[in-house]
Every structure is written in C-alpha cells, then in structure tokens.
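The chain contents come next:
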Amino acid sequence: MKLIGTFLKRALQLLLMLVLTLAAPSIYVEAMCRGSGEPAPANPLSSETRPEIRTLLTYPEWHIVHAYDDYATVIDQGDPHDFGYLRAIAGYWSSLCTLTRASAELGEIDGGTRQLVHVIGVSFTFEMLMKGLYEETIGRVATWVRGPQQTRLDNLSALQAAEYAAFLQQVPWYRYDFRGDAATLNAAATDAFRDQERAFALGLEHLSRAAYADVIAQAVAATGFDDLTLQMVVSGLTPVQIESIEGVTILGDVQGGGIEIETPRYRELTSILASWAAQGANFLDMAGNDQIMFTALSESPEFADALASLPRQGYGDTRHLFLVPVTSLADALRELEAAGLTLEHIHDY
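Right, let's walk through the structure included here.

Conventions we followed
- Residues numbered from 1 in each chain as written.
- Predicted model: local features only at pLDDT ≥ 70, side-chain atom pairs only at ≥ 80, totals over all residues.
- Heavy atoms only, no water.
- Pairing = 2+ DSSP bridges.
- Helix = DSSP H or I, 4+ residues; strand = E, 2+ residues; numbered from the N terminus.
- Axes fitted to C-alpha atoms, helices over the stretch in contact; angles between N-to-C directions.
- Contact = heavy atoms within 4.5 Å.
- 1 Å grid on protein atoms, 1.4 Å probe; cavity = no way out; pocket = protein on both sides within 12 Å on 5 of 7 lines; lining within 4 Å.
- Points joined across faces, edges and corners; volume = space filled by probe spheres on them.
- Nonpolar A, V, L, I, M, F, W, Y, C, P; charged D, E, K, R; others polar.
- Parallel < 35°, antiparallel > 145°, perpendicular 65-115°, else oblique.
- Left-handed = near helix turned anticlockwise from the far one by under 90°.
- Salt bridge = Lys/Arg side-chain N within 4 Å of Asp/Glu carboxyl O.
- Buried < 20%, exposed > 50% of the residue type's maximum accessible area, 1.4 Å probe, protein only.
- Phe/Tyr/Trp six-rings, centres within 6.5 Å; stacked < 30°, edge-to-face > 60°.
- Core = buried A, V, L, I, M, F, W, Y, C linked by side-chain atoms within 4.5 Å.
- Disulfide = S-S within 2.5 Å.

### Here's the deal with the sheet that holds strand β1 (residues 229-235)
Reasoning step 1: Taken in spatial order, the four strands of this open sheet run β2-β3-β1-β4, and their pairing is antiparallel. Looking at strand neighbours, the two that pair on one side only are β2 (249-253) and β4 (282-286), the edges of this open sheet. In this sheet, adjacent strand axes meet at a mean angle of 35° when their direction is disregarded.
Reasoning step 2: Pairing analysis gives six bridges linking β1 to strand β3 (residues 259-264), with the strands arranged antiparallel. The partner of Met232 across the bridge, within β3, is Ile261.
Reasoning step 3: Of the strands in this sheet, β1, β3 and β4 are in contact with helix α11 (residues 266-278), which crosses β3 at around 140°.

So, in structure tokens, the structure goes:
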C-alpha cells in the first residue's frame, strides 16, 4: 500500500507540474502583455463590419499552420528530432504577447477570441512537448538503429507532413483524413525496425488527432462555421477585372468612390489582393476596418517597422509581421520586392 501511495503521489506531482507548465505561458500573456492606446474612430464603408482586432489575432492559428510547414521542411531532409519543438512553442507565445499588446490600439479582445487563442496555444504546447519528448528519446534511438539512410516510412511520413501543411493553408485541420494517413503508413511499413516504429508511433499520433478532430468538428457544427467570404471596397479596377476572379462578386458602387465587393477569405484572399495590387488597385475598406496585418518573408532577420520577426525552421529565412492602414496595403504590396520581402499571407478578420 505504501508503494502504491508513493506512486500516486509522484503521479499527481507530475500531473501538477504538467498543468503548471501548460498554464504558465497563458497566465504570463494575460498578466504581462497589456498595451496602451485607444482605437481610432471608425468610418466603415463596407456593409458588413467585423472586429478589427481579428486581423492580429488570426495569426496565432496561422503560427501553428506555419509550424507544421516548418516541421515538414525539416524532416524532408532530416529527422523529426532535428525540429525545434521548444522554438515552435516559444514563437507562438511570444507572438501572441506582442499582438496582444498591439491590440490595444485596435479594440478590446472579445472573450471568445481570447479563449480561442489560449486554448489552441495550450493544445499546441502540449502536442509539441509530447512529440518532442518522444522524438528526442525513443525516436532518436530508432534513427540510431536505422543508420544514416532513411527508410520507406521516413520518406512517406515526410510526404504526409507536407500534404498536411498544404491542406491547412485553406481548410480547417479537423477536416483532415488522419485515419487515412495512419492506414497508409501501416500498409507501407516494411519489416525494418524504423518502419515498424514509425507506423506505430505516427499511427497512434494520427488516430489521437482523429479522435480529437471528431470532437472539435461536432463543437464547430453546434456553434456555426466561420464565414468564408469577406466584404471590402476597392478602387482602380474595372468590373471586368473584378469579376474575372472566381468567387468574387460585385455588390455595388460606394458613395464617394469605389466598388463594394465580396471575396473568398484565407489563402485565396491573399492571392487575389496581391494580383489586384499589381494591376494598380487600391483598397479603401475591408470589413469596415482601416488597419490590416500581413506577413512577409526575407533573408533579413529583422525590419524596423515589423511588429515581430520570427525565424523559420528549415528555410533559413525570417517571417515578419506588418500592420498597415488598409488604404496603404496596395502600395505596401507593390513595394515588397524592392524591400527584399516576399508576401506570405494577408490576415483578414
């Protein structure tokens, strides 16, 4: 009985340490990452308006998307233990802290958004810690047994990681076919120890994600899905140019100039806005807001006017976060190349 009591005590201590570890970054952000300033008076032109604060706080979800892309790039030429799991975690919380401070000048963070960024942050932290712990121990030993030559499932898992990272660019993660990936790994595994280890470890990971995805999908279905379109006001384009893009609809002229339109969101929106800026368009209003954030990549480790600069793993370059007036966005996009920057993503609302 004494031995059982000691075991339970140690288990509870470890559980408490894990809870505190996961909660600490969230507590720090809430307590220490507070900005100052007042939102400027709004004069929306679009019929539909959305909270401006979301242009900043959509980034944490995208940080996770970028982390999976970094991971896929790293294991394409290396092994999972080469990925910096703690770096990925630190990047999430440091960027959230910076953006939370910057949010003071855009508006109050609503309770739902605040809860979301902390919940996904804790989930991401837990996943990275568990994956890192495994890959730095048992996973690393498996690569020693394997030797320098990658096996069939090393290559297949790298391909699956790349496909998952690409999937996340436009579709919510919980819609991914994790069970299909697990089955494919199991079917392709040879008798080699590394293949058997990959099939078991990654299969278990995929099936765990699938179970969690089922829960999230049901919760999202109950609360409603995000709107997949966005309304904005543009100028400098003809109706023919605007309607040549699939999924874009003209809603009408705006008093004082400009055309109100409805466009797709996410990665499609980034491509559309970049194309229009190159054609000479200007953006007057987006979802009733006058500030918008975008990310761009460069070889330079920092830019003076960037909100934050985060090195990418596997690429050898840096992601920079910029907040600009909506009316300056087109000019900013046209000037990126001269500044040594490549557009990555425009964060809508």
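Having put the structure on the table, let's press on.
### Looking at empty space enclosed by the protein
In this approach, a probe sized like a water molecule rolls over the atoms, and the result shows the empty space that is left.
Reasoning step 1: This model, assessed by the stated rule, comprises two cavities of 30 Å³ or more.
Reasoning step 2: Taken as a whole, the largest cavity encloses approximately 260 Å³ of empty space.
Reasoning step 3: Lining the largest cavity are 24 residues, and of these Tyr71, Ile75, Lys131, Ser157 and Ala161 sit closest to its centre.
Reasoning step 4: Contributions of two or more residues to the lining of the largest cavity are made by α3 (59-77), α5 (111-135), α7 (152-167) and α9 (193-223).
Reasoning step 5: Of the residues that constitute the lining of the largest cavity, the class distribution is 12 nonpolar, five polar and seven charged.
Reasoning step 6: Its boundaries defined by the atoms lining it, the second largest cavity holds a volume of some 40 Å³.
Reasoning step 7: Every residue along the wall of the second largest cavity is listed here: Val29, Glu30, Leu57, Leu96, Thr100, Ile109, Arg114, Val117 and His118.
Reasoning step 8: Every element with two or more residues in the lining of the second largest cavity is listed here: α1 (2-32), α4 (85-102) and α5.

### Let's talk about the packing of α11 against helix α12 (residues 326-334)
Reasoning step 1: Following both chains from N to C, one finds α11 and α12 inclined at 80°, their axes separated by 9 Å at the closest point. Viewed along their axes, α11 and α12 adopt a mutual orientation that is roughly perpendicular. Here α11 contributes Leu273, Ala274 and Ala277 to the contact with α12, which in turn contributes Leu329, Ala330, Leu333 and Arg334.
Reasoning step 2: The class makeup of the residues in the contact of α11 with α12 is six nonpolar, no polar and one charged.

### Some remarks on the packing of α3 against α4
Reasoning step 1: Running from N to C, α3 and α4 cross one another at 160°; their axes reach a closest spacing of 10 Å. Relative to α4, α3 is oriented roughly antiparallel. Relative to α4, α3 is oriented so that their crossing is right-handed. Here α3 contributes Tyr59, Pro60, His63, Ile64, Ala67 and Tyr71 to the contact with α4, which in turn contributes Tyr85, Ala88, Gly91, Tyr92, Ser95, Leu96 and Leu99.
Reasoning step 2: Classifying every residue of the contact of α3 with α4 by side-chain character gives 10 nonpolar, three polar and no charged.

### Focus on the pattern of salt bridges
Reasoning step 1: For the coordinates displayed, the defined rule picks out 20 salt bridges.
Reasoning step 2: Where Arg146 meets Asp79, a salt bridge forms, and the shortest distance between an N and an O atom there is 2.9 Å. Within this pair, whereas Arg146 is found in helix α6 (residues 138-146), its partner Asp79 is found in the loop between α3 and α4, the two being separated by 67 residues in sequence.
Reasoning step 3: Using a relative accessible area of 10% as the deciding quantity, one classes Asp79 as buried.
Reasoning step 4: Among the ionic contacts, a cluster of salt bridges with common partners joins Asp79, Glu127, Lys131, Glu135, Arg146, Asp154, Arg194, Glu197, Arg198, Glu205 and Arg209.

### Quick word on the packing of aromatic side chains
Reasoning step 1: A full pass over the atoms with the stated rule returns 14 aromatic pairs.
Reasoning step 2: A centroid spacing of 5.5 Å and a plane angle of 90° characterise the contact between Tyr71 and Phe83, whose relative ring orientation is edge-to-face. Here Tyr71 is found in helix α3, whereas its partner Phe83 is found in the loop between α3 and α4, with 12 residues between them in sequence.
Reasoning step 3: The exposure class assigned to Phe83 is buried, which follows from its relative accessible area of 3%.
Reasoning step 4: Between the aromatic rings of Tyr92 and Trp93, the centroid separation amounts to 5.1 Å while the plane-to-plane angle is 75°, which identifies the pairing as edge-to-face.
Reasoning step 5: Cluster of aromatic residues (ring-pair linked, three or more members): Tyr68, Tyr164, Phe167, Trp173, Tyr174, Tyr176, Phe178 and Tyr212.

### A look at the nonpolar core
Reasoning step 1: By size, the foremost hydrophobic cluster in this structure holds 44 residues, and its most contacted members are Tyr92 and Met128.
Reasoning step 2: Among the elements that make up this core, the one with the highest residue count is α3 (10 residues).
Reasoning step 3: Every residue in contact with Met128, bar those within four places of it in the chain, is listed here: Tyr68, Phe83, Tyr85, Ala88 and Ile89.
Reasoning step 4: Core analysis: the next-biggest nonpolar cluster, separate from the first, contains 32 residues, Phe283, Ala296, Val324 and Tyr349 among them.

### Describing the state of the cysteines
Reasoning step 1: What the rule picks out here adds up to one disulfide.
Reasoning step 2: Here Cys33 connects covalently by a disulfide to Cys97, the sulfurs 1.9 Å from one another. Taking the sign of the S-S torsion, -95° for the link of Cys33 and Cys97, the bridge is left-handed. Linking Cys33 in the loop between α1 and α2 (54-57) with Cys97 in helix α4, this pair joins segments that are 64 residues apart in sequence.
Reasoning step 3: Judged by relative accessible area, Cys33 falls into the buried class, the value being 1%.
Reasoning step 4: Classification of Cys97 as buried rests on a relative accessible area of 8%.

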